[in-house]
Each structure stands twice: as C-alpha cells, then as structure tokens.
Amino acid sequence: MLAQDPLPEPALAPFGAVLEGLQVADDDPATLRRVVGALHRHRVVALRDQRLTPEQFVRFARRMGRPQPHIKTELRHPDCPEILLLSNVFREGRAIGIYDGAAYWHTDMSYEAEPASATLVHALQVPEQGGETLFCDMAAAYEALPAARRAELEGLQVIHHYGNRSDPEEGSRTSATPLTEEQKRAVREVRHPLVLAHPATGRKALYGVAGSSFGIVGLEQSAAAGLLDELKRHATQERFQRSHRYAAGDLVIWDNLATLHAASLIEPATGPADSRLLHRISVKGLPDLAA
Ligand SMILES: [Fe+2]
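Note that this is a predicted model, so its numbers are computed, not measured.

A few points about the coordination of the iron ion
Protein-derived coordination of the iron ion comes from His 106 (NE2), Asp 108 (OD) and His 261 (NE2), at a distance range of 2.1 to 2.2 Å. Between the donor residues of the iron ion, the gaps in sequence give the motif H-x1-D-x152-H. Separated by 153 residues along the polypeptide, Asp 108 in the loop between strand 6 (94-95) and strand 7 (118-125) and His 261 in strand 16 (residues 259-263) bring together distant segments of the chain.

Regarding the pairing of strand 8 (residues 133-137)
Where burial is concerned, most of strand 8 is hidden: four out of the five residues are buried. Bridge analysis of strand 8 against strand 14 (residues 241-244) gives four bridges, and the strand direction is antiparallel. Residue pairing in the sheet places Cys 136 in a bridge with Gln 241 of strand 14. Both strand 8 and strand 16 contribute to a ladder of five bridges, which runs antiparallel. Across the sheet, Cys 136 pairs through a bridge with Leu 260, a residue of strand 16.

Observations concerning helix 1 (residues 29-42)
In a regular helix each residue adds 1.5 Å, so 14 residues correspond to 20 Å; helix 1 covers 20 Å between its end C-alpha atoms and thus fits that length. Inspection of helix 1 places Thr 31, Leu 32, Arg 34, Val 35, Val 36, Gly 37, Ala 38, Leu 39, His 40 and His 42 among the buried residues, and these make up the whole buried set. Those residues of helix 1 hidden inside the fold are in contact with strand 1 (17-19), strand 2 (44-47), helix 2 (54-64), strand 7 and strand 15 (251-255). For helix 1, the capping residue at the N-terminal end is Asp 28, with a side-chain oxygen 2.8 Å from the backbone nitrogen of Ala 30. One or two positions beyond helix 1, positive phi appears at Arg 43, with a value near 75°.

A look at the sheet that holds strand 13 (residues 213-216)
The antiparallel open sheet is built from three strands, whose spatial order is 10-9-13. Of all the strands in the sheet, the pair left with one neighbour each is strand 10 (190-193) and strand 13. Each adjacent strand pair in this sheet contributes to an overall mean axis angle of 40°, direction not counted. Bridge count between strand 9 (residues 157-160) and strand 13: three bridges; the pairing is antiparallel. Its bridge partner being in strand 13, Val 158 is matched across the sheet by Ile 216. Against the sheet, helix 6 (residues 221-235) engages strand 9 and strand 13, with an angle of about 125° to strand 13.

Some thoughts on unusual backbone geometry
The backbone phi angle of Asp 49 is positive, close to 55°, even though this residue is not glycine. Examined against the element boundaries, Asp 49 turns out to sit in the loop between strand 2 and helix 2.

Notes on the sheet that holds strand 14
With antiparallel pairing, the three strands of this open sheet are ordered in space as 14-8-16. Every other strand in the sheet has two partners, leaving strand 14 and strand 16 as the edge strands with one partner each. With strand direction ignored, the average angle separating the axes of adjacent strands in the sheet is 25°.

Regarding the pattern of salt bridges
Pairing is possible between side chains of opposite charge, provided their charged atoms come close. According to the stated counting rule, one finds 18 salt bridges in the structure shown. A salt bridge links Glu 74 to Lys 72; the nearest nitrogen and oxygen atoms lie 3.0 Å apart. Look at Glu 74 and you get partly exposed, because its relative accessible area is 36%. Taking the relative accessible area as the measure of exposure, Lys 72 reaches 5% and is therefore buried. When the shortest N-O distance is used, the salt bridge between Asp 229 and Arg 165 registers 2.8 Å. On the criterion of sequence distance, the pair formed by Asp 229 in helix 6 and Arg 165 in the loop between strand 9 and helix 5 (181-185) is long-range, its members being 64 residues apart. A relative accessible area of 29% places Asp 229 in the partly exposed class.

Some thoughts on the side chain of Asn 88
Summarising the element assignment, Asn 88 is placed in the loop between strand 4 (84-87) and strand 5 (90-91). Given the relative accessible area of 1%, Asn 88 is considered buried. There is a polar contact of 2.8 Å between the side chain of Asn 88 and the backbone nitrogen of Arg 276. Apart from the residues lying within four places of it in its own chain, the contact partners of Asn 88 are Tyr 99, Ile 266, Glu 267, Pro 268, Ala 269, Asp 274, Ser 275 and Arg 276.

Concerning the side chain of Ser 175
If you trace the backbone, Ser 175 turns up in the loop between strand 9 and helix 5. By relative accessible area, which is 3% here, Ser 175 ends up buried. Within the structure, Ser 175 has its side chain in polar contact with the backbone oxygen of Glu 169 (distance 3.2 Å). A polar side-chain atom of Ser 175 sits 3.0 Å from the main-chain carbonyl oxygen of Ser 172. Leaving out residues up to four positions away in the same chain, Ser 175 has contacts with Gly 101, Tyr 104, Asn 164, Asp 167, Glu 169 and Glu 170.

Quick notes on the rules
- Residues numbered from 1 in each chain as written.
- Predicted model: local features only at pLDDT ≥ 70, side-chain atom pairs only at ≥ 80, totals over all residues.
- Heavy atoms only, no water.
- Donors = N, O, S within 2.8 Å, 3.2 Å for Na, K, Ca; no water.
- Helix = DSSP H or I, 4+ residues; strand = E, 2+ residues; numbered from the N terminus.
- Buried < 20%, exposed > 50% of the residue type's maximum accessible area, 1.4 Å probe, protein only.
- Pairing = 2+ DSSP bridges.
- Expected span 1.5 Å × (residues − 1).
- Contact = heavy atoms within 4.5 Å.
- Polar contact = N/O pair within 3.5 Å; in protein donor to acceptor, adjacent residues only side chain to side chain.
- Axes fitted to C-alpha atoms, helices over the stretch in contact; angles between N-to-C directions.
- Salt bridge = Lys/Arg side-chain N within 4 Å of Asp/Glu carboxyl O.

Read these as spatial facts, not as claims about activity.
Okay, structure coming up:
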C-alpha cells in the first residue's frame, strides 16, 4: 500500500500506482484525498475489487469533478447518462458501447472547450486476453525535452476538433468513432495550450499532441502537423509508457491533463470468455476536497 498521500504535490513519482485497501463507495473524505493525491502524483491509479453500482460510480465521479455525458448519446448508460459504455458485445449487429474508436493515442474530450480533467473506468466484464489500455506520461515526456525545445513550445496554442489527426478515415479501426451528421454539425474548433501547467500541481506537461490536435495558431499547416507529429513520436516512446490490464472490479482513473492513452484493439465477443464491458465517466474541473 502506498504511504498516506497528503494533498497533491508535484513530484517525480513513478508513473502509475495501484491503491489497495480502499472502497470508493464508502463516501469517506479520506478515501477521496488518497485517490486524488495519488492521481496527481502518479497520473494513473488503479483500485482493485471496487463494488460499485452505476449510481455509486456516478456519485464518486461527482466528487472527482463534473461528469460530462459523451457526445455519442446512443452509447450512454440507459439509466445514468454520465456513464459511457465501452464494449465488444454486439446486439442486432451493433456494439452496445464504444467498440473501436479509441485505439489511437488521444486524451479524452480534448476537442471540447473545457477538456476532461480525468477519466474513470469501472471494469464489469473483461476478456481473458487483451483489452489493455496504454498510457503515456506527458509530464515526463515534457521534462525529457531539451531546455531550448521546451522554451520554443511555451505559449503555443493548438487547434483541436473531434477526430484523429493520424487516421481521419471513417471506418478505419484506428480512427475516432464516427459521428452522425447531426453530431458532425455540432463540432467546433477549440484551442488549448501545447504546454499545460497542471491546475492542481503546477507541473508542466505536453497536452494533446495526438488525437484531436490538427493545427497550431500562427504556424502553417505543414509546419504545425510536423511539430505535432514530432512531439507525438517523442512522447509515445516506450520509456514513457505503461499499460493496464483490467480485472473485473478494477476502477482505473487517469489524469487527462498529463497523459495520453490508447485502447488496444479487440475482436467482437463470442461468449463470456472474451466479452468486455467497461463503464466510463469523464469529468471536468478539479475534485472538491473541501466538500
Ligand atoms: Fe479515451
């Protein structure tokens, strides 16, 4: 078990942590402080054996920030719209949740004016093989850049919109989940800093260099894409990566402001041994530790 985490602080802590002996359903403020402290130090935290109903999951997520229902309205949980279903189970020819559509490096909701600060995933059903989520530590990637490079990046604003810059082809397994025509009409361009100082810790990280980033304010398109691609290659090196293999009951939380992540491709389920059902909630803003 990790030592008791005080309030979040910038530290060169290892990327990713497993927290043991906690149940987030207990509504204990000390549990929340432990989880938030670990999240901000380690950027990805996993808690095993979490017994959570969908309503309890939403209640805990509300303590981590403001839950944001996903743009794919038809893939939300029928009783709890804050929950997005992730699944390889098909009914009547359609996956019951997001199936493909996240198997590329991205950060959640970076295409919105206020991006998701954290994402929480509760694993209900996991395949015997595969289905891992990969993560990249964007604070470590930023800190590994030469000082002159870091100075050049300071102040740059990146243009984001829904999609995957590296694979815009609809129907490809590594593109973003296709939108309906109505959803496409709602897409807007937004801007986010390329170098983001974390609002809780102040620690700087590369933000959104893969996925929804399509340009940089003041740079020609080819120069912007070249710089974003270079930073993506740098940040997604194996030395900045870790993966999480889910067990049923896992609650995994990642800090979207300091990580990239990618789902691994899995095939449609044929039965219980290879079925996957995860509940996901993304939140905006910071946890209210005083509440
Ligand atoms: Fe995602």
